[in-house]
Amino acid sequence: MLKKLTKVDLVNFKSYEKETIDLSGDIVVIWGESREGKSNLIKSLLFNLYNIVPSNMARIGSDGNVIVRTHWNDGTIIERARVNGENYYNIFNADGSEFIPGGLSGFGSQPVPEVIAFHGMLDSDFMGDKSFPNVSSQFDLCFFITKSDYEKAKTFGRMANVD
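Residues numbered from 1 in each chain as written. Predicted model: local features only at pLDDT ≥ 70, side-chain atom pairs only at ≥ 80, totals over all residues. Heavy atoms only, no water.

A. Up close: a nonpolar patch on the surface. A cluster of nonpolar side chains, Ile27, Val29 and Trp31, forms an exposed patch at the surface whose accessible area comes to about 460 Å². For tryptophan 31, the location among the structural elements is in the loop between strand E2 (16-22) and helix H1 (38-50). Judged by its relative accessible area of 73%, tryptophan 31 is exposed. (Patch = residues over 30% accessible without salt bridge, like charges linked within 9 Å, V, L, I, M, F, W, Y side chains within 5 Å. Areas by Shrake-Rupley, 256 points an atom, 1.4 Å probe, with all protein chains shown as cover. Salt bridge = Lys/Arg side-chain N within 4 Å of Asp/Glu carboxyl O. Helix = DSSP H or I, 4+ residues; strand = E, 2+ residues; numbered from the N terminus. Buried < 20%, exposed > 50% of the residue type's maximum accessible area, 1.4 Å probe, protein only.)

As structure tokens, this is what we get:
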């Protein structure tokens, strides 16, 4: 069963100093005025879930340490951080114990298979177009306009863990 993201904690990530954002609704819409942090929230999720590191990630004026934690409906947590120049993931079970003792480091710049397997939100590569079916940003074209019926059905099947 696909996990449901319920909240995200941000520490020194781009425009966020220290913030917890509730994402527990059945449908979550992020909207607001320009320069309020909407795109930075999406970038924080891509950083946490898929190891996509944005440029100038640390908040201006911070110590450079960045932490993004995603909380899930089953009580688990994925923590992606860069602290004192070291990049790591910690994944926690609902009881607070480490899912992978000692966490993960030295994983390079690609999505980390252990993290993808843990949250279950697969990325997609349709005809050379890399997409993340659960996330889109303000400049992405609408998925339904740009993809074929087959590609839409395949993506929804993957999101629902159905072949």
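B. Local environment of unusual backbone geometry. For arginine 35, which is not a glycine, the phi torsion comes out positive at approximately 65 degrees. Tracing the backbone through its elements, the reader meets arginine 35 in the loop between E2 and H1. On the accessibility criterion, arginine 35 (84% relative accessible area) is exposed. Positive phi is not limited to glycine here, since asparagine 84 has a value of about 50 degrees. Residue class for asparagine 84 comes out exposed when judged on its relative accessible area of 65%.

C. Inspection of the side chain of asparagine 51 at higher detail. Locating asparagine 51 in the fold gives a position in the loop between H1 and strand E3 (66-72). If we skip the residues at most four places from it in the chain, asparagine 51 touches Leu46, Arg80, Tyr89, Phe107, Gly108, Ser109, Gln110, Pro111 and Val112. (Contact = heavy atoms within 4.5 Å.)

D. Just the nonpolar core, in detail. By size, the foremost hydrophobic cluster in this structure holds 28 residues, and its most contacted members are Val8, Leu10, Phe13, Ile21, Ile78, Tyr89 and Val115. Counting only elements with at least two residues in this core, the list comes to strand E1 (5-13), E2, H1, E3, strand E5 (86-92) and helix H2 (113-119). Setting aside residues no more than four positions away along its own chain, valine 115 makes contact with Asn48, Leu49, Ile78, Tyr89, Ile91 and Leu104. (Core = buried A, V, L, I, M, F, W, Y, C linked by side-chain atoms within 4.5 Å.)

E. Broad picture of the pairing of E2. By the bridge criterion, six bridges tie E1 to E2 in an arrangement that is antiparallel. Looking across to E2, one finds that phenylalanine 13 is bridged to tyrosine 16. (Pairing = 2+ DSSP bridges.)

F. View of the pattern of salt bridges. In the structure shown here, the tally under the stated rule is three salt bridges. With its nearest N and O atoms 3.9 Å apart, the salt bridge here joins glutamate 17 to arginine 59. Of this pair, glutamate 17 sits in strand E2 while arginine 59 is found in the loop between H1 and E3, placing the two residues 42 residues apart along the sequence. A relative accessible area of 52% places glutamate 17 in the exposed class.

G. Local environment of the environment of tyrosine 89. The residue tyrosine 89 is located in strand E5 in this model. Spatially, the C-alpha atoms of tyrosine 89 and glycine 102 are 9.2 Å apart, while their sequence positions differ by 13 residues. In this structure the side chain of tyrosine 89 is engaged in a polar contact, spanning 2.9 Å, whose partner is the backbone oxygen of asparagine 48. (Polar contact = N/O pair within 3.5 Å; in protein donor to acceptor, adjacent residues only side chain to side chain.)

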